[in-house]
Amino acid sequence: MTKAQPSDFNWEDLGFEYHDLPYRYRAIYRDGQWQAGEITEDSSINMSEAAAAIHYGQQVFEGLKAYRRSDGGVNIFRPDQNAARMRQSAERLLMPAFPEETFVEAVQAVVKANQDFVPPYGSGATLYIRPYLIGTGPVVGVKPADEFVFGIYVTPVGAYYKGGLTPTAYVTSPYDRAAHGGTGRAKVGGNYAASMLPGQQAHADGYSDVVYLDPRLHETIEELGSANFFGITHDNRFLTPKSPSILPSITKYSLLALAEEAGMVTEETTISIYDLDQFAEAGAMGTAAVISPVGSITHNGNKHVFYSETEVGPKTQALYDRLLGIQFGDATGPEGWAVDV
Ligand code: PLP
Ligand code: COI
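From a predicted model like this one, the values you see are computed outputs, not experimental measurements.

**Comments concerning helix 3 (residues 100–113)**
Here's step 1: Here helix 3 is 14 residues long and its end C-alpha atoms lie 20 Å apart, about the 20 Å a rise of 1.5 Å per residue gives.
Here's step 2: Taken together, the buried positions of helix 3 are occupied by Phe103, Ala106, Val107, Val110 and Val111. Projection of helix 3 onto a plane perpendicular to its axis shows the buried side chains occupying an angular sector of 130°, all on one side.

Below you can see the structure in the form of structure tokens.
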């Protein structure tokens, strides 16, 4: 594959796609320890046909972004949180965690090596960073690999949900992405494999994503296919689902803090799919989704419209401005959130 050049990109009109940029990071775990990692140009991975990642899904990943500041520098957002979550995901799948400090340094090194691909300030685009950890050692029986690869690639991206801050429509699904005792809390590929069919059906029906309900009773909101859910009540409370089977979103924890800063009462709690009237505004939150207003949720054929199907609500807009202000370096946020590259 030919490597991408910065001149290949129209920064104002980027999709959410993979591009083969010049540099990535790779480290190998062998003989019971991590070998020294390096920046490399090779975007392919050679592994055994019996690799545990291929057959038994022994793999975890992360997602974060790099943001071009107005002074020309580059921020990454809370990379220590991604390092910690990857360690927790790895523990769930019996994989050796990648050292958290080295994770952050490696993210910085890959962004720096590809810095000409961090989209310009003001374009609205960012550089998506994808760390991953896969079991490459051969296995036949169901057991952990003895060899692993940790890697990080980066690719420039625009909005994940078409329209950015324009509200979009969501639909509940009869499928589940994860069970309460399963791997929903971990960022593992299997959760996303399980979400492809429901996601495709939702797209075919004109929705931007699926709302997953609790796997036991299908009565409370879990999360969206690729983001956590929030609702802002008429009495100014910022609510987001509490469940053992959803991804602990770093954007969610950041917005819980920013909502509190904005004077809202915040709570991780049970949110019934039959109690959506309590919300004045609702949205999706995540690294890829950023903050995307949820215009409506259709459940069992009944469509519930939140603030508006065409306009973002004022509180969602204010949280968006505050979060992006911190990420793009226009505003100062809590200590350690914006990390210079
Ligand atoms: N939920 C799912 C299923 C996701 O894929 C993501 C994206 O990472 C999120 C939530 C949001 O998590 P974060 O804010 O850490 O990106
Ligand atoms: C992210 O927001 O980083 C995600 O992982 C969502 C999706 C692209 C899988």
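Still to come is the rest of the account.
**Concerning the environment of Leu197**
Here's step 1: Position of Leu197 relative to the elements: it lies in helix 4 (residues 189–204).
Here's step 2: On the basis of neighbour counts, which here come to 12 C-beta atoms within 10 Å, the residue Leu197 falls in the exposed class.
Here's step 3: Separated by 100 residues in sequence, Leu197 and Ile297 have C-alpha atoms that sit 19 Å apart.

**Points about the UniProt feature "modified residue: N6-(pyridoxal phosphate)lysine" (unreviewed entry) in the protein**
Here's step 1: Residues annotated by UniProt as "modified residue: N6-(pyridoxal phosphate)lysine" (unreviewed entry) correspond here to Lys187.
Here's step 2: Tracing the backbone shows Lys187 in the loop between strand 9 (168–172) and helix 4.
Here's step 3: Among the residues examined, Lys187 registers 24 C-beta atoms within 10 Å and is labelled buried.
Here's step 4: For Lys187, the contacting residues outside a window of four places in its chain are Val60, Phe61, Glu62, Arg85, Ser89 and Leu247.

**Considerations on the pairing of strand 17 (residues 302–305)**
Here's step 1: Where strand 16 (residues 290–299) lies against strand 17, 4 bridges are found, and the strand directions are antiparallel. Opposite Ile297, over in strand 17, you have His304 as the bridge partner.
Here's step 2: Between strand 16 and strand 17, which pair antiparallel and follow one another directly, the connecting turn spans 2 residues, one of which, Asn300, has a positive phi of 50°.

**Remarks on the environment of Gly206**
Here's step 1: As for its position among the elements, Gly206 is in the loop between helix 4 and strand 10 (209–213).
Here's step 2: Note: C-alpha distance between Gly206 and Ala51 (155 residues apart in sequence) is 38 Å.

**What about the pairing of strand 13 (residues 237–241)?**
Here's step 1: Strand 13 sits mainly inside the fold: 4 of its 5 residues count as buried.
Here's step 2: Sheet topology places strand 12 (residues 228–233) next to strand 13; 2 bridges connect them, and they run antiparallel. Each residue of the ladder has a partner; that of Gly231, found in strand 13, is Leu239.
Here's step 3: Connecting strand 12 to the antiparallel partner strand 13 that follows it, the hairpin turn spans 3 residues, and Asn236 within it adopts a positive phi of roughly 70°.
Here's step 4: Two strands pair when backbone bridges link them, and strand 13 and strand 14 (residues 265–269) are joined in this way by 5 bridges, in the parallel orientation. Looking across to strand 14, one finds that Phe238 is bridged to Thr266.
Here's step 5: Considered for its hand, the β-α-β crossover made up of strand 13, helix 5 (residues 250–261) and strand 14 is right-handed.

**Description of the environment of Leu247**
Here's step 1: Within the secondary structure, Leu247 is located in the loop between strand 13 and helix 5.
Here's step 2: Spatially, the C-alpha atom of Leu247 lies 9.5 Å from that of Arg85, the residues being 162 residues apart in sequence.
Here's step 3: Among residues more than four places away in sequence, those in contact with Leu247 are Gly184, Arg185, Lys187, Glu223 and Asn228.

Criteria and thresholds
Throughout this description, residue numbers start from 1 for each chain and increase along the sequence as written. Following the order in which they are written, the chains are lettered starting with A and the ligands numbered starting with 1. Local features in a predicted model are, by the rule used here, given only for residues with pLDDT of at least 70; side-chain atom pairs are given and counted only at 80 or more, and totals for whole chains, interfaces and linings are based on all residues. Strands are runs of DSSP state E lasting at least two residues, helices are runs of H or I lasting at least four, and both sets are numbered from the N terminus onward. Every helix has an expected span of 1.5 Å times one less than the residues it contains. Here exposure depends only on C-beta density: within 10 Å of a residue's C-beta, 20 or more other C-beta atoms make it buried, 12 or fewer make it exposed, and intermediate numbers make it partly exposed, the C-beta atoms being placed from the backbone. In this description, one arc is meant: the one made by directions from the helix axis to the C-beta atoms. UniProt positions are given in the numbering used here, feature names are shortened, and annotations may be inferred rather than shown by experiment. The contact rule is simple: place each C-beta atom from the backbone, and if two of them lie within 7 Å, those residues are in contact. Two strands pair if DSSP finds at least two bridges between them. Here is how to tell: hold the view so the strands point away, follow the path from the first strand over the helix to the second, and if it runs clockwise the crossover is right-handed.

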